[in-house]
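What follows is each chain in one-letter form.
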Amino acid sequence: MTADLPRLLGERGALRPGHTAFRNGLHADGWIEKGEIVRDPATLDGVAAVQAASLRAAFPEATLLVGAPACGAVLASFVARHLGLPVAYVLTGERPGWHRMHVPTPGERLVYVDDLICTGTDARAVLTFLRGEGHTALGVSAWLSRTGLEGERLVTLTGAPFQTFPAAECPLCAAGEGLIWRDVRE
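Since the model is a prediction, treat every value here as computed from it, not as a measurement.

Draft legend 1. Structural detail: the overall build of the protein. Looking only at helices and strands, the protein features six helices and 12 strands. At 17 Å, the protein has a C-alpha radius of gyration in line with the 16 Å of a compact globule built from 186 residues. Its C-alpha atoms give the protein principal-axis dimensions of about 55 × 35 × 25 Å. Buried positions account for 48% of the 186 residues belonging to the protein. Considering only contacts within the protein whose residues lie at least 6 apart along the sequence, 66% involve residues at least 24 apart. Surface exposure of the protein reaches about 8,700 Å², of which carbon and sulfur atoms provide 52%. The centroid of the 17 positive side-chain charges in the protein is displaced by 4 Å from the centroid of its 20 negative side-chain charges.

Shown next, in the form of structure tokens:
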């Protein structure tokens, strides 16, 4: 597998162009159905190998990878396999916490692994939780991000293929373009 994630997303039909309203209130000129990659273990493993190489180069001191259920946990496991690192899962929501399968001892140097980051709200909450648990959160490894995740080290495989807008400033709405996709969560 090559590092050409945009091509792969296009070939797999994961790119969904059109006026989109996300659950978080943002609008965009398209979105990505990551399920087109995640549901095929061989394809996911190829992307995970590329992400593992990127992560190893950016965070060579990592001792643990962390993912959030569901797709992020699956992805973190695939990436961790390529790096020979353990993995743990953080449950997100009102009060983040460890999934019982692996509660790491404080002091790990970890990287949060994700596929697509939209606003960064969950990523920031996970990083805050990890640091509060006594770990060194080195940063985030993701396929792509719609936000810069200011103040955090973010390493992505590619840039976002679609533009995102606050709903009140959406040029598609201003042009009278109707919504094609509603209630989307990447």
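Draft legend 2. Layout of the sheet that holds strand β1 (residues 15–22). On the basis of which strands lie adjacent, the open sheet formed by four strands has the order β11-β2-β1-β12 and mixed pairing. Either end of the sheet is taken by a strand with one partner, and the two such strands are β11 (164–166) and β12 (181–184). In this sheet, adjacent strand axes meet at a mean angle of 35° when their direction is disregarded.

Draft legend 3. How the structure looks around helix α4 (residues 71–83). Compared with the 18 Å implied by 1.5 Å per residue over 13 residues, the 19 Å span of α4 between its first and last C-alpha is a close match. The set of residues buried in α4 consists of Gly72, Ala73, Leu75, Ala76, Val79, Ala80 and Leu83. Considered in projection along α4, the buried side chains sweep an arc of 160° and stay on one side of the axis. Its buried side turned inward, α4 meets α3 (41–58), β3 (64–67), β4 (87–91) and β6 (109–113). One or two residues past the end of α4 sits Gly84, with phi positive at roughly 65°.

Draft legend 4. Main features of the side chain of Asp114. By the element assignment, Asp114 lies in the loop between β6 and β7 (116–117). Here the side chain of Asp114 touches Tyr112 through a polar contact of 3.5 Å, side chain to side chain. Each residue touching Asp114, except ones within four places of it in the same chain, is listed here: Gln51, Leu75, Ser141, Ala142 and Trp143.

Draft legend 5. View of unusual backbone geometry. Cis geometry is found at the peptide bond from Pro69 to Ala70, where omega equals 5°. As for its placement among the helices and strands, Ala70 is situated in the loop between β3 and α4.

Draft legend 6. Local environment of the pairing of β4. Within β4, four of the five residues are buried, which leaves the element mostly enclosed by the surrounding structure. The pairing of β3 with β4 spans three bridges and is classified as parallel. Its bridge partner lying in β4, Gly67 is registered against Tyr89. The parallel pair β3 and β4 is bridged by α4, and the resulting crossover is right-handed. With two bridges joining them, β4 and strand β5 (residues 97–98) adopt antiparallel strand pairing. If you follow Val90 over to β5, its bridge partner there is Trp98. Here β4 folds back onto β5 in antiparallel fashion, the turn holding five residues, of which Gly93 has a positive phi close to 135°.

Draft legend 7. Structural detail: the environment of Pro171. With respect to the helices, strands and loops of the structure, Pro171 is situated in helix α6 (residues 171–174). A C-alpha to C-alpha distance of 38 Å links Pro171 and Tyr89, two positions 82 residues apart in sequence.

Cut-off values and rules
The residue count restarts for each chain, going from 1 along the sequence in the order it is written. Only residues with pLDDT of at least 70 get local features here, since the model is predicted, and only at 80 or more are side-chain atom pairs given and counted; chain-wide, interface and lining totals rely on the full set of residues. Side-chain metrics rest on all non-hydrogen atoms present in the structure, leaving aside hydrogens and water. Here a strand is any run of E in DSSP of at least two residues, a helix any run of H or I of at least four, and the numbering for each starts at the N terminus. Radius of gyration here is computed from C-alpha atoms only, and the compact-globule reference equals 2.2 Å multiplied by the residue count raised to the power 0.38. Burial status follows relative accessibility: with a 1.4 Å probe on protein chains alone, a residue under 20% of its type maximum counts as buried, one over 50% as exposed, and anything between as partly exposed. Contacts are assigned to residue pairs that have any heavy atoms within 4.5 Å of one another. Areas reported here follow the Shrake-Rupley algorithm with a probe of radius 1.4 Å; residue values treat only the protein chains shown as occluding. For this count, His and the chain ends are skipped, Lys and Arg are scored as positive, and Asp and Glu as negative. For charged residues, the charge sits on one atom: NZ in Lys, CZ in Arg, CG in Asp, CD in Glu. By this definition, two strands are paired if DSSP reports at least two bridges between them. Lines are fitted to the C-alpha atoms to define the axes, a helix being fitted only along its stretch in contact, and any angle between axes, read from their N-to-C directions, falls within 0 to 180 degrees. One less than the number of residues in a helix, times 1.5 Å, gives the span that helix is expected to have. The directions considered for the arc run from the helix axis to the C-beta atoms. Any pair of nitrogen or oxygen atoms within 3.5 Å is treated as a polar contact; in protein, a donor-acceptor pairing is required on top of that, and neighbouring residues in sequence qualify only through side-chain atoms on both sides. Orient the strands so they point away from the viewer; a crossover is then right-handed if the path from the first strand over the helix to the second runs clockwise.

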